[in-house]
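Overview (structure and organization)
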Amino acid sequence: MEDNRIYKTVEEILEGRIRPELGRHGGSIVLVKIEDTVAYIRLTGHCSGCPSAKYTLENLVKEEIMRHTDLISDVRLHEEVSQELYDFARDILAGKQRRIP
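Each value, and the rule that gives it
Residues numbered from 1 in each chain as written. Predicted model: local features only at pLDDT ≥ 70, side-chain atom pairs only at ≥ 80, totals over all residues. Heavy atoms only, no water. Helix = DSSP H or I, 4+ residues; strand = E, 2+ residues; numbered from the N terminus. Buried < 20%, exposed > 50% of the residue type's maximum accessible area, 1.4 Å probe, protein only. Contact = heavy atoms within 4.5 Å. Pairing = 2+ DSSP bridges. Right-handed = clockwise from strand over helix to strand, strands pointing away. Expected span 1.5 Å × (residues − 1). Bend = angle between axes of the 7 residues up to and from the residue. Phe/Tyr/Trp six-rings, centres within 6.5 Å; stacked < 30°, edge-to-face > 60°. Lys NZ or Arg CZ within 6 Å of the ring centre and 35° of its normal. Salt bridge = Lys/Arg side-chain N within 4 Å of Asp/Glu carboxyl O.

1. Some words on the side chain of His-78
- Inspection of the secondary structure puts His-78 in the loop between strand S3 (74-77) and helix H3 (83-93).
- Since its relative accessible area comes to 14%, His-78 is described here as buried.
- Setting aside residues no more than four positions away along its own chain, His-78 makes contact with Val-32, Lys-33, Tyr-40, Ile-41 and Arg-42.

As structure tokens, then:
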């Protein structure tokens with residue numbers, strides 16, 4: 001039950017304080033998981049793959065989450081590559097034309 005409270009708290013912070021700011025720049029954020037009080041997030045939209053992603057994480061996302069809850073000890077980027085992206089890259093290398101997902 002504690003995990004649900006932590007997840008809900010972080011989602012409320014993301015929704016109220018972080019997504020609006022990222023949205024102004026064409027980006028967004030997804031809470032991927034919480035493990036041992038560490039929140040793993042993925043930046044999406046224009047923020048995905050942005051050279052400033054680490055800066056955004058440290059100076060916006062982590063700072064806001066840590067300021068508004070003591071339930072999280074750290075915030076990290078979740079950098080796993082999706083199967084969809086692997087399939088897209090495989091098709092490009094095979095010479096197949098696909099639309100960007």
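2. Looking at the pairing of strand S2 (residues 38-45)
- In the sheet, strand S1 (residues 27-35) pairs with S2 via eight bridges, with the strands oriented antiparallel. Across the sheet, Gly-27 pairs through a bridge with Gly-45, a residue of S2.
- Count of turn residues in the S1/S2 antiparallel hairpin: two residues, of which Asp-36 carries a positive phi of about 50°.
- Regarding topology, helix H2 (residues 53-68) serves as the crossover connection from S2 to the parallel S3, and that connection is right-handed.

3. Focus on H2
- The end-to-end C-alpha distance of H2 is 21 Å, a good match for the 22 Å that 16 residues give at a rise of 1.5 Å each.
- The largest bend in H2 is about 35°, located at Lys-62.
- Residues of H2 that are buried include every one of Ala-53, Thr-56, Leu-57, Leu-60, Val-61, Glu-64 and Ile-65, and no others.

4. Quick notes on the environment of Ile-65
- Within the secondary structure layout, Ile-65 lies in helix H2.
- With relative accessibility at 0%, the residue Ile-65 sits in the buried group.
- C-alpha of Ile-65 to C-alpha of Thr-9: the two residues are 56 residues apart in sequence and 9.2 Å apart in space.

5. A few points about the packing of aromatic side chains
- Summed over all chains, the structure comprises zero aromatic pairs.
- The ring of Tyr-40 carries Lys-33 above its face, with NZ or CZ at 5.0 Å from the centroid.

6. Focus: the pattern of salt bridges
- Taken as a whole and judged by the stated rule, the model has eight salt bridges.
- Arg-19 serves as the salt-bridge partner of Glu-15, at 2.9 Å between the closest nitrogen and oxygen. Remark: Arg-19 and Glu-15 occur in helix H1 (residues 2-23); sequence separation between them is four residues, near one turn of the helix.
- On the accessibility criterion, Arg-19 (17% relative accessible area) is buried.
- The shortest N-O distance in the salt bridge between Arg-76 and Asp-74 comes to 3.1 Å.
- For Arg-76, a relative accessible area of 38% puts it in the partly exposed group.

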